[in-house]
Amino acid sequence: MYAFLKLGKLSEIRSSTIDAFGTTASTLAQSLAEILAQSLGIESNFFRENCLPKTSYIRMNRYPKCTLAPKVFGLVPHSDSNLLTILYQDQVGGLQLMKDGRWFKVKPNPKALIINIGDLFQALSNDVFKSIKHRVVSPQEVERFSAAYFYCPSNDAVIQSYNKPAMYRPFTLREYRQQIQKDVQDTGDKIGLSRFLLSE
Ligand SMILES: O=C(O)CCC(=O)C(=O)O
Ligand SMILES: [Fe+2]
């Protein structure tokens, strides 16, 4: 009974911490999305109307230590299939991002959050902002944790380039996810935005 109560308390604390992270990240994501959009000259209610608390989600990542590290990936190279990601990583390190064809380490900083542009923001911004390819190398000595808030619109919100000529045809997140699922099944790879290019 005691253990049960203790565990109950612990999960309460955990879930309130996750709730607090979600609430803070959601406000931050909306502000950032609006600021980025304004920098393109877009004044719209798109984010307020289509990105609701229930359309976004949090993923808690745990990377067990691995004797084969750093040759093993905790998370394979990918771009995020959403608008923006707000990421908190612990002090272990392992996150890397691709810039100019090279992988760079993202140094852990307890005072900083990492903001990733996702594929949907790349499409909305007509490639002005690029979704970033990233990966996680498995830790060698101690396990690693991160928490990611994925800022997403509803499944049926239409994502379309803000100016002309549009690089991508309009699509919904539902279509995007379905295409990714199919491509991963058929080819083992996500493929992603290039599927929606108008010039192809
Ligand atoms: O754990 C990290 O640092 C990255 C997590 C991530 O990229 C993801 O969950 O999509
Ligand atoms: Fe990611």
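In the block above lies the structure referred to throughout.
Keep in mind the model is a prediction, meaning the values are calculated, not measured.

### Details of the sheet that holds strand S5 (residues 102–105)
Adjacent strands of a sheet pair through backbone hydrogen bonds, lying either parallel or antiparallel.
Next up, step 1: The strand order across the open sheet formed by four strands is S2-S7-S4-S5, and the pairing between neighbours is antiparallel. Both outer strands of the open sheet, strand S2 (73–78) and S5, are each paired with one neighbouring strand and no more. Mean inter-strand twist for the sheet, computed between neighbouring axes without regard to direction, equals 30 degrees.
Next up, step 2: In terms of strand pairing, S2 meets strand S7 (residues 134–137) through three bridges, oriented antiparallel. Residue pairing for S7: His-78 is matched across the bridge by His-134.

### Notes on the packing of aromatic side chains
Each aromatic ring pair is described using two quantities: the centre-to-centre distance and the angle formed by the ring planes.
Next up, step 1: Inspection of the entire model under this criterion finds seven aromatic pairs.
Next up, step 2: By way of ring pairs, the aromatic residues Phe-46, Phe-47, Phe-121 and Phe-129 are connected into one cluster.

### Quick word on the coordination of the iron ion (ligand 2)
Next up, step 1: At 2.1 to 2.2 Å from the iron ion (ligand 2) lie its protein donor atoms, namely His-78 (NE2), Asp-80 (OD) and His-134 (NE2).
Next up, step 2: All donors of the iron ion (ligand 2) belong to a single chain; written as a sequence motif, their spacing is H-x1-D-x53-H. On the criterion of sequence distance, the pair formed by Asp-80 in the loop between S2 and strand S3 (84–89) and His-134 in strand S7 is long-range, its members being 54 residues apart. Each member of the pair, Asp-80 together with His-134, is buried.

Basis of the calculations
Residues numbered from 1 in each chain as written. Chains lettered and ligands numbered in written order. Predicted model: local features only at pLDDT ≥ 70, side-chain atom pairs only at ≥ 80, totals over all residues. Heavy atoms only, no water. Pairing = 2+ DSSP bridges. Helix = DSSP H or I, 4+ residues; strand = E, 2+ residues; numbered from the N terminus. Axes fitted to C-alpha atoms, helices over the stretch in contact; angles between N-to-C directions. Phe/Tyr/Trp six-rings, centres within 6.5 Å; stacked < 30°, edge-to-face > 60°. Donors = N, O, S within 2.8 Å, 3.2 Å for Na, K, Ca; no water. Buried < 20%, exposed > 50% of the residue type's maximum accessible area, 1.4 Å probe, protein only.

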